[in-house]
Amino acid sequence: MATNKNARLRYEALDKCLSNFSRKYYIEDLQKACCDYLTKELSTETTVSKRQVYTDLKEMELSPSMQAPIVAYQDGQRKYYRYSREGFSIVDLTDDELMGLEATVNMLASFKGMPQFDWMTDIILKLKKKYKVSETQRNILSFDSNVDLRGIDRFKELFNYIIHEQPIKITYEPFGKAPFEAEIHPYYLKQYNNRWFILGYNQAYKDISVFALDRIKTVESLTNDFIPDTLIEDPFDYFFDVIGTTIPNERKVEKVVLRFDPKRYQYVSAKPIHHTQKSDDIKHTITIEVKPNKELEAIILGFGKDVEVLEPEHLRNEIIEIMKESCKKYGLLKNDCKSPQ
C-alpha cells in the first residue's frame, strides 16, 4: 500500500466500500466515501475528485502489494464497483495484531456450537488460511442457546448492516397486531432472555426503537445516507437503568425493594438481578435502582411465593393485580385465593 498518507487513507476508504457486499457503490458513492474518510481522519475538510478515485482504483488493481480484484458491474446505465471475491481486503494486520490473533480465533471458535454463530466458522477458516494461524480443537466454553429460535437466521444479515453502517427498511409484525414498515439505521444487537433484539434510529419517530428479530418478516437495504449513532453510543449506559430491553421513558428511576424467603434469598444475593443490587442479609431483602418495566415484573413473578414487593407501592399493586388475574383463571378468587373446598 502507498506510503503517502492521503493515498493510503483513500485506499482504506475504497477497500471498505468494495468489500461491502450489502450495498452497491457507484463512482459518486466511492468519491463521497473517500472525502468523508479523509475529512474524519485528517480533521480537516478534504475533497477528492472522481478522476482521483478512478486513478486509485486502477492503482489498487495493478499494485503488486495490493492486486485488488475490482470489478465494475453494469447496473442499467450505470456501473457499481465491488471486489469479485468476498472476504478480500487490501488491509493487512500488523505484527502486534497477528500476535493476538490466535487467541482471538480460538475464543471465536468457542461460539461454533451456537446456531447464531455458525457463520464464524467460515471467518475462522479464512483467517487461518490467510495468516497461517493455528486453531485448537478443544472446546473450553459452552453457551446456552435455543436451536429453534425464530429470526436467528437474520442475525448475520443484520450484523453486516450494522458493521457497514447501512440503513434498512424492515417489515415488523408485533404479537397480536398488524405488520408495519420501519426505516431504521441499525446500531446494536442485544440478547435478553434467549431472544435477540436490534436497536436503531427510527426515521419516523426520530428516536431509538427496539425490534425483536423473531418478529421481523422482511429486510431490505436503503440507499439514503446513514445517520451515525449519537443516542446509544455506549449500550451499557443506555440500558443502565432497566432490566431487559424495554425502556419506559415515562417512568423515572425508582428504588425497588424485594423481600425473599431465606433460602431463595441466598440464590438472589449470589446472582444479582441488576448491577445496582444491594443486599440486606438480616432482613433478606435486595434493593435495586431501576425504571420498573415488564421484564422486572416477569422476574418478580418468576420467584412465585418466595418474594414480596415492599417498594414502590405502585409496583406492589401491579403485582397484586396480576396475581388476582391468575387466581381468577384457577377459580380461586372467590375463596380468597385458597384452594376450593
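Residues numbered from 1 in each chain as written. Predicted model: local features only at pLDDT ≥ 70, side-chain atom pairs only at ≥ 80, totals over all residues. Heavy atoms only, no water.

J.: Quick rundown of the state of the cysteines? Include the residues and the values.
T.: Summed over the entire model, instances satisfying the criterion amount to zero disulfides. The closest cysteine sulfur to the non-disulfide-bonded Cys17 is located on Cys34, 6.9 Å from its own sulfur. We classify Cys17 as buried; its relative accessible area is 4%. (Disulfide = S-S within 2.5 Å. Buried < 20%, exposed > 50% of the residue type's maximum accessible area, 1.4 Å probe, protein only.)

J.: Lay out the packing of aromatic side chains in plain terms, naming residues and giving numbers.
T.: For the coordinates displayed, the defined rule picks out 12 aromatic pairs. With centroids separated by 5.7 Å and ring planes inclined at 85 degrees, the aromatic side chains of Phe236 and Phe240 adopt a geometry described as edge-to-face. A relative accessible area of 32% means that Phe240 is categorised as partly exposed. Members of the aromatic cluster, joined through ring pairs, are Tyr26, Tyr73 and Tyr80. Sitting above the plane of the Phe239 ring, Lys190 keeps its charged end 4.7 Å from the centroid. Sitting over the face of the ring of Phe175, Arg215 holds its NZ or CZ atom 4.0 Å from the ring centroid. (Phe/Tyr/Trp six-rings, centres within 6.5 Å; stacked < 30°, edge-to-face > 60°. Lys NZ or Arg CZ within 6 Å of the ring centre and 35° of its normal.)

J.: Could you give an account of the nonpolar core, with specific residues and numbers?
T.: It is characteristic of soluble globular proteins that their nonpolar side chains tend to be buried jointly. Judged by nonpolar contacts, the single largest core of 25 residues is most densely connected at Leu30, Leu57 and Met60. Broken down by secondary-structure element, the contributors of at least two residues to this core are α1 (5-18), α2 (27-42), α3 (50-62) and β3 (78-83). Examining the composition of this core, we find that seven residues originate from one element, α1, more than from any other. When neighbours within four sequence positions are excluded, Leu30 is seen to be in contact with Leu14, Cys17, Tyr25, Val53, Leu57 and Tyr81. Within the second largest apolar cluster, 19 residues are counted, among which are Ile152, Phe155, Tyr172 and Leu189. (Core = buried A, V, L, I, M, F, W, Y, C linked by side-chain atoms within 4.5 Å. Helix = DSSP H or I, 4+ residues; strand = E, 2+ residues; numbered from the N terminus. Contact = heavy atoms within 4.5 Å.)

J.: Can you lay out the pattern of salt bridges for me, pointing to particular residues and giving the numbers?
T.: One pass over the full model with this rule turns up 22 salt bridges. Note that Arg23 is salt-bridged to Asp29, the shortest N-O span being 3.7 Å. Glu28 is the salt-bridge partner of Arg78, the closest N and O atoms lying 3.2 Å from each other. With Arg78 in strand β3 and Glu28 in helix α2, this pair connects stretches of sequence that are 50 residues apart. For Arg78, a relative accessible area of 41% puts it in the partly exposed group. The class of Glu28 is partly exposed, set by a relative accessible area of 34%. Salt bridges sharing common partners tie together Glu28, Lys50 and Arg78. (Salt bridge = Lys/Arg side-chain N within 4 Å of Asp/Glu carboxyl O.)

J.: Explain the side chain of Asp306 residue by residue, including any values.
T.: Note on placement: Asp306 falls in the loop between α9 (294-302) and β12 (307-311). We classify Asp306 as buried; its relative accessible area is 13%. Excluding residues within four positions of it along the chain, Asp306 makes contact with Arg259, Phe260, Asp261 and Arg264.

J.: Outline the side chain of Thr245, listing residues and values.
T.: Within the secondary structure layout, Thr245 lies in the loop between α7 (235-238) and β9 (254-260). Take Thr245: its relative accessible area is 7%, and that puts it in the buried class. Each residue touching Thr245, except ones within four places of it in the same chain, is listed here: Lys190, Tyr192, Phe197, Val210, Phe239 and Glu295.

J.: Hey, could you go over α2 for me, with residue numbers and the actual values?
T.: Here α2 is 16 residues long and its end C-alpha atoms lie 22 Å apart, about the 22 Å a rise of 1.5 Å per residue gives. Within α2, the full set of buried residues consists of Ile27, Leu30, Ala33, Cys34, Cys35 and Leu38. On its buried face, α2 is in contact with α1, β1 (25-26), α3 and β3. Phi for Ser43, located one or two positions after α2, is positive at around 55 degrees. (Expected span 1.5 Å × (residues − 1).)

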